[in-house]
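Residue-level listing of the chains:
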Amino acid sequence: MAKYNTNQRRELAAFLSQHPDELMTAQEISEQVDQSVSSVYRNLELLENEGKVTRQPKDGCREMLFRYMASEHCADMIHMCCSECGRTMHMDENTAKTLCDMLSSDGFGVDRTKTVIYGVCRDCGGNR
Ligand SMILES: [Zn+2]
Ligand SMILES: [Zn+2]
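Residues numbered from 1 in each chain as written. Chains lettered and ligands numbered in written order. Predicted model: local features only at pLDDT ≥ 70, side-chain atom pairs only at ≥ 80, totals over all residues.

Examined at the domain level, the protein chain breaks down into domain 1 (2-68) and domain 2 (76-122). Distance between the C-alpha centres of domain 1 and domain 2: 23 Å. Contact with domain 1, which involves six residues of that partner, is made by seven residues of domain 2. (Domains from an automatic or database assignment. Contact = placed C-beta atoms within 7 Å.)

Moving on to the sheet that holds strand β2 (residues 53-57). Taken together, the three strands give an open sheet; going across it, the order is β1-β3-β2, and neighbouring strands pair in antiparallel fashion. Two strands in the sheet have a free side with no partner beyond their single neighbour: β1 (23-25) and β2. Strand-to-strand twist in this sheet, taken as the mean axis angle between neighbours without regard to direction, amounts to 40°. Where β2 meets strand β3 (residues 64-68), five bridges bridge the pair, whose relative direction is antiparallel. Along β3, the bridge assignment pairs Gln 56 with Leu 65. Across the sheet, helix α3 (residues 37-49) is in contact with β2 and β3; its angle to β2 comes to roughly 115°. (Pairing = 2+ DSSP bridges. Helix = DSSP H or I, 4+ residues; strand = E, 2+ residues; numbered from the N terminus. Axes fitted to C-alpha atoms, helices over the stretch in contact; angles between N-to-C directions.)

Formed by 13 residues in total, the largest nonpolar core has its most connected members in Met 24, Ala 26, Ile 29, Val 40, Leu 44 and Phe 66. Elements represented by at least two residues in this core include exactly α1 (2-17), β1, α2 (26-33), α3, β3 and β4 (79-82). Leave out the neighbours within four places in its chain, and Phe 66 touches Met 24, Ala 26, Ile 29, Leu 44, Val 53 and Arg 55. (Core = buried A, V, L, I, M, F, W, Y, C linked by C-beta atoms within 7 Å. Buried ≥ 20, exposed ≤ 12 C-beta atoms within 10 Å, placed from the backbone.)

Written as structure tokens, this is what we have:
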């Protein structure tokens, strides 16, 4: 049984690593990897404890969205999520630094790992 769980976790991690920075619910992931929602949820929690996955609430509902952090690099990036196409991108390092510096001079330290800014990306006409 323990071995079975390990395999499920490995499959889940393999699937997520092919979808870095994508926001998905446990339900969506479970359909993709063909595992029960409860075991996906449990394994996501383990990956979250290892710092490989972060979660955030989905707009206006109680469901959680999970995001796999592609690399060590990801942990240090501010992510921007397009609410039109659902893509997540990294904030330009200079912009992120300026923003964090401004906030820290106001006495607020930004937790970059958890920060996600919602908006509309250029491709979806955010700059119109
Ligand atoms: Zn990232
Ligand atoms: Zn977009």
